[in-house]
Amino acid sequence: MIEAAMPAASGATEEVVLDAAGLTKHFPVRRGVRELFTRTRREVHAVDDVDLELRRGRVTAMVGESGSGKSTVARLLAQLHPRTSGVIRLHGRPVSVKGGRRFRAYCRRVQLVFQDPFSSLNPAHTVRYHLTRALHIHGRADAKPGDLLAQVQLTPPERYLEKFPHELSGGQRQRVAIARALAARPEVLLADEPVSMLDVSIRLGVLNLLRDLRNRLDLAILYITHDIASARYFADEMLVMYAGRVVEGGDSETVTQRAAHPYTRLLIDSAPDPDRVAAPTEEATGEPPSLIHPPAGCRFHPRCPHALAVCETEVPPRFELTETGHWTACWLYRPETG
Ligand code: SF4
């Protein structure tokens, strides 16, 4: 059984802190011998036309298989990659040019936590060094690194400040990485698979910490994951990504309990569930497509047992399913299809 969602922060508002519209990223493929003699330029269509909104005091999960483009979305929002097209806005103001005061302010307010805490921390430096340096970079030289550790529940701080990353457990390392992100006093935390490299036994503790930070600091959190069960447990809203496109969205309870898109239903059927007695509802076959030559129309159509003729040629738009924001991009929900 997929666990029920945790309640949103009591102070949660509908205020949109960060939003993106038409976010698109195509990576050029390195030219091989064949391309040297032709003018063809191949690209990986990693992310296409993604819209999203992150709200104060809310967690939005972006769920999909590996290679679906969800981590690229996080990196685009963190400004680690230039985008091919689309707009990113912080409090409604577009962020465009790299460099300059406004860009630096954006990078402070929007912090990324990586999947692998071991590689994101320098093994040659202590916890104190990592946190002091981050405070210094963000103009908070008078703040105490120990206070950051207390925020991520590593107490007493003196026990951890002089340790090197290899002396910490995976969960403690990830807490230090989160503490370093908090040094910037961010409004948005982009958490890219923050628990997927941790032992199962400590994943829940890190998710509960992020929930606690959402509540106490009113953070807008984007939780990137391949695990739809943890997304339902942790997130208020959910976006489901397949092959570079978002195919369904809504509050996480509705998306997991009344999934509309055949791919979302496939993800739910694939999630481990010892209590499941019913047979899977979806019988999709095959593998996700190549993003160098993604299928025309709906990218799921080669695997979809419900595919219609239109699915092979036309990209499905977003169809609203409820007045509370549940939607899907699937031709089955076109009003005239019934
Ligand atoms: Fe299947 Fe068509 Fe819906 Fe895509 S749009 S999921 S191919 S029915």
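Since the structure is predicted, the reported quantities are computational estimates derived from the model, not experimental observations.

Another aspect to go through is the overall build of the protein chain. The secondary structure content of the protein chain amounts to 11 helices and 12 strands. Each of the 338 residues in the protein chain was classed as buried or not, and the buried ones make up 50%. Relative to all contacts within the protein chain whose residues are 6 or more apart in sequence, the contacts with residues 24 or more apart total 66%. Summed over its atoms, the accessible surface of the protein chain is roughly 16300 Å², and 52% of this surface lies on carbon and sulfur atoms.

In this model, helix α7 (residues 170-182) (13 residues) spans 18 Å end to end at C-alpha, consistent with the 18 Å of a helix rising 1.5 Å per residue. Among the 13 residues of α7, 11 are classified as buried, and the element is accordingly described as predominantly covered. What α7 keeps buried is the set Gly170, Gly171, Arg173, Gln174, Arg175, Val176, Ala177, Ile178, Ala179, Ala181 and Leu182. Where α7 is buried, its residues meet β6 (110-113), α4 (117-120), α5 (127-137), α6 (145-151), β7 (188-192) and α8 (200-217).

Before going further, it helps to spend a moment on the packing of α5 against α7. Viewed as axis vectors pointing N to C, α5 and α7 meet at an angle of 20°, and their least axial separation amounts to 8 Å. Comparing the axis directions of α5 and α7 gives the class roughly parallel. Crossing hand, α5 versus α7: right-handed. On α7, the residues touching Val127, His130, Leu131 and Ala134 of α5 are Val176, Ala179 and Arg180. When its residues are assigned to classes, the contact of α5 with α7 shows 5 nonpolar, 1 polar and 1 charged.

If you trace the 4 strands from one edge of the open sheet to the other, you get β2-β1-β4-β5, paired in antiparallel fashion. Of all the strands in the sheet, the pair left with one neighbour each is β2 (43-55) and β5 (93-94). Sheet topology note: the strand β1 (residues 16-28)/β2 ladder contains 9 bridges and is antiparallel. Counted as the bridge partner of Pro28 is Glu43 from β2. Packing of helix α2 (residues 70-77) onto the sheet brings it into contact with β1, β2 and β4 (85-90), and relative to β1 it is tilted by some 115°.

On to the confidence of the model for the protein chain. Residue-level pLDDT values for the protein chain average 89, and 88% of them are 70 or greater. Per-residue pLDDT, averaged within each element of the protein chain, yields its smallest value for helix α1 (residues 33-36) (60) and its largest for strand β12 (residues 327-328) (98).

Leu149, Ile178, Leu210 and Tyr263 are the most contacted members of the largest nonpolar core, which totals 58 residues. Counting 32 residues, the second-largest nonpolar core is a separate cluster that includes Leu23, Leu112, Met241 and Val246.

This brings us to the sheet that holds strand β11 (residues 319-320). The 8 strands are arranged β6-β7-β8-β3-β9-β10-β12-β11 in an open sheet whose pairing can be described as mixed. If you trace the sheet from one side to the other, it starts and ends with β6 and β11, each paired once. Where strand β9 (residues 237-242) lies against strand β10 (residues 245-251), 6 bridges are found, and the strand directions are antiparallel. Bridging across to β10, Met241 finds its partner in Val246. Where helix α11 (residues 262-270) meets the sheet, its contacts fall on β3 (59-63), β9 and β10, and the angle it forms with β9 comes to roughly 100°.

By the definition in use, this model includes 5 aromatic pairs. Centroid distance Tyr223 to Phe234: 4.9 Å. Interplanar angle 85°. Geometry classified as edge-to-face. Of this pair, Tyr223 sits in strand β8 (residues 220-225) while Phe234 sits in helix α9 (residues 228-234), and the two are 11 residues apart along the sequence. Each residue in the set Tyr242, Tyr263 and Phe300 is aromatic and connected to the rest through ring pairs, giving one cluster.

Enumeration according to the criterion identifies 16 salt bridges in this entry. Note that Asp236 is salt-bridged to Arg214, the shortest N-O span being 3.3 Å. Within this pair, whereas Asp236 is found in the loop between α9 and β9, its partner Arg214 is found in helix α8, the two being separated by 22 residues in sequence. Like Arg214, Asp236 is buried. Among the ionic contacts, a cluster of salt bridges with common partners joins Glu15, Arg56, Arg109 and Glu187.

Let us now look at the environment of Ile228. Take Ile228: it is sitting in helix α9. Separated by 167 residues in sequence, Ile228 and Ala61 place their C-alpha atoms 8.7 Å apart.

About the cut-offs
Residues numbered from 1 in each chain as written. Predicted model: local features only at pLDDT ≥ 70, side-chain atom pairs only at ≥ 80, totals over all residues. Heavy atoms only, no water. Helix = DSSP H or I, 4+ residues; strand = E, 2+ residues; numbered from the N terminus. Buried < 20%, exposed > 50% of the residue type's maximum accessible area, 1.4 Å probe, protein only. Contact = heavy atoms within 4.5 Å. Areas by Shrake-Rupley, 256 points an atom, 1.4 Å probe, with all protein chains shown as cover. Expected span 1.5 Å × (residues − 1). Axes fitted to C-alpha atoms, helices over the stretch in contact; angles between N-to-C directions. Parallel < 35°, antiparallel > 145°, perpendicular 65-115°, else oblique. Left-handed = near helix turned anticlockwise from the far one by under 90°. Nonpolar A, V, L, I, M, F, W, Y, C, P; charged D, E, K, R; others polar. Pairing = 2+ DSSP bridges. pLDDT = per-residue confidence, 0-100. Core = buried A, V, L, I, M, F, W, Y, C linked by side-chain atoms within 4.5 Å. Phe/Tyr/Trp six-rings, centres within 6.5 Å; stacked < 30°, edge-to-face > 60°. Salt bridge = Lys/Arg side-chain N within 4 Å of Asp/Glu carboxyl O.

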